[in-house]
Each structure stands twice: as structure tokens, then as C-alpha cells.
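So the chains spell out like this:
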Amino acid sequence: MRPGMPVVGLGAASGGWTQVALRVLGDKGRLIASGILPVGNIVDVTFIPDAFADGEVHAQILVAIGK
């Protein structure tokens, strides 16, 4: 993980790793978090609630990272 990269966090609750990743990625990075449990309101994170194994969630993640 480097500044400016797109990163997907799976099983993102409780949000601690998400906050650390944001610091590493900096202003130009993109962080998409997904999981069954909510992570709360973390600024600059796109949160997609649900299990990653769900095909719809996978499609939403691809849209969020621009693929």
C-alpha cells in the first residue's frame, strides 16, 4: 500500500485498519470498505455494506474504483 493507490478493505469493521489506511494513502488515494458490520462515518471512505461474496457488492466495488 502506497500513497495515491486505490485500496479495498474487506471485513472493514471496526474501522481501525480503515483509518490507518487513510493515513497511508493520503489525499490522492481511494479507499473502499465493505463488510457486514458498519464502520461508522469515516470521511473520505466509500463504504459498501454487505458481504463481499455477494456478487452485487463485488460489482459495486468495481464501480467505486472505476473499473
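Residues numbered from 1 in each chain as written. Predicted model: local features only at pLDDT ≥ 70, side-chain atom pairs only at ≥ 80, totals over all residues. Heavy atoms only, no water.

## Looking at the side chain of T18
What counts, and what does not: Secondary structure elements are defined from DSSP: runs of H or I of at least 4 residues count as helices, runs of E of at least 2 residues count as strands, and each element is numbered from the N terminus. Note on contacts: a residue pair qualifies if any of its non-hydrogen atoms lie within 4.5 Å across the two residues.
Mapped onto the fold, T18 is located in helix α1 (residues 16-25). Filtering out sequence-adjacent residues up to four positions away, T18 remains in contact with A12, L31, A33, I42 and V45.

## Quick notes on a nonpolar patch on the surface
Condition: Here, patches come from residues exposed beyond 30% relative accessible area and free of salt bridges, joined within 9 Å for like charges and within 5 Å for nonpolar side chains (Val, Leu, Ile, Met, Phe, Trp, Tyr). The Shrake-Rupley method, run with a 1.4 Å probe sphere, supplies the accessible areas, and residue values consider only the shown protein chains as cover. Salt bridge, as applied in this entry: a Lys or Arg side-chain nitrogen positioned within 4 Å of an Asp or Glu carboxyl oxygen.
Nonpolar side chains collect at one region of the surface, where M1, W17, V20 and V24 lie side by side and expose about 370 Å² of accessible area between them. Following the sequence through the fold, V24 ends up in helix α1.

## Some thoughts on the pairing of strand β2 (residues 30-35)
For clarity, the cut-off: Accessibility here uses a 1.4 Å probe with only protein chains present; expressed as a share of the type maximum, an area under 20% marks a residue as buried, one over 50% as exposed, and anything in between as partly exposed. Only when DSSP finds a minimum of two bridges between them are two strands counted as paired. Look down the strands so they point away from you; if going from the first strand over the helix to the second traces a clockwise path, that crossover is right-handed.
With five of six residues buried, β2 lies mostly within the body of the structure. Pairing of strand β1 (residues 6-10) with β2, which is carried by five bridges, proceeds in the parallel orientation. Across the sheet, the residue bridging to L10 is S34, located in β2. With α1 bridging β1 and the parallel β2, this β-α-β connection has right-handed handedness. Pairing geometry for β2 and strand β3 (residues 45-49), over five bridges, is parallel. Residue pairing across strands places A33 opposite F47, the latter belonging to β3.

## So, the environment of G40
By the element assignment, G40 lies in the loop between β2 and β3. With relative accessibility at 54%, the residue G40 sits in the exposed group. Placed 22 residues apart in sequence, G40 and T18 show a C-alpha to C-alpha distance of 11 Å.

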